[in-house]
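Fold and contact review
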Amino acid sequence: MSALGDSLTVTLLEGTFPPTSDLFAKSEGEPSAVEGVAFNPAYFTDYAKIAGKGAAIKLYFTGEGKPMRVRITSDSINWRALLMPMRYKD
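These lines cover the structure that appears in this document, whether it is placed above or below. As the structure is a prediction and not an experimental result, all values here were calculated from the model. (Residues numbered from 1 in each chain as written. Predicted model: local features only at pLDDT ≥ 70, side-chain atom pairs only at ≥ 80, totals over all residues. Heavy atoms only, no water.)

**Notes on the packing of aromatic side chains**
Summed over all chains, the structure comprises three aromatic pairs. For the ring pair F39 and F44, a centre distance of 4.7 Å and an interplane angle of 55 degrees mean the geometry is tilted. With relative accessibility at 19%, the residue F44 sits in the buried group. Here the aromatic cluster, defined as three or more aromatic residues joined through ring pairs, consists of F39, F44, Y47 and W79. Positioned above the aromatic ring of Y60, the side-chain terminus of R69 is 4.0 Å from the ring centre. (Phe/Tyr/Trp six-rings, centres within 6.5 Å; stacked < 30°, edge-to-face > 60°. Buried < 20%, exposed > 50% of the residue type's maximum accessible area, 1.4 Å probe, protein only. Lys NZ or Arg CZ within 6 Å of the ring centre and 35° of its normal.)

**Regarding the sheet that holds strand β3 (residues 56–60)**
Spatial strand order, β3-β4-β5: three strands in an open sheet with antiparallel pairing. Because the sheet does not close on itself, it has two edges, and the strands there are β3 and β5 (78–83). If you compare each strand with its neighbour and ignore which way they point, the axes differ by 20 degrees on average. Where strand β4 (residues 68–73) meets β5, six bridges bridge the pair, whose relative direction is antiparallel. Considered in β5, the bridge of T73 is made with N78. (Pairing = 2+ DSSP bridges. Helix = DSSP H or I, 4+ residues; strand = E, 2+ residues; numbered from the N terminus. Axes fitted to C-alpha atoms, helices over the stretch in contact; angles between N-to-C directions.)

**What about the nonpolar core?**
Of all hydrophobic cores here, the largest spans nine residues; its members are F44, Y47, I50, A51, M68, V70, I72, A81 and L83. Breaking this core down by element, the ones donating at least two residues are α2 (42–51), β4 and β5. Counting residues per element, this core draws most heavily on α2, at four residues. (Core = buried A, V, L, I, M, F, W, Y, C linked by side-chain atoms within 4.5 Å.)

**Digging into the side chain of T62**
Here T62 shows up in the loop between β3 and β4. Polar contacts involving the side chain of T62 include one to the main-chain carbonyl oxygen of P67, which spans 3.2 Å. What T62 contacts, discounting residues up to four positions off in sequence, is S27, S32 and P67. (Polar contact = N/O pair within 3.5 Å; in protein donor to acceptor, adjacent residues only side chain to side chain. Contact = heavy atoms within 4.5 Å.)

This is the structure in structure tokens:
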């Protein structure tokens, strides 16, 4: 996915990889505490462009090493995404 200016480009793939339906279903459980997580901050820039100025972006953590669920809700959008954490070493 890419968001530049006023345009949003999404590339859709055929098949079931990644198994997004399964991943979303597993991420809908109760949020859980995590000690630390790393992610690509450029994706939040894209999410902010999608949400628009002043709209909230909510994150739900479902466990260490599991995808974070992103919820963007505004007057004109009700959108969700999964953000996979990055591996890192301190």
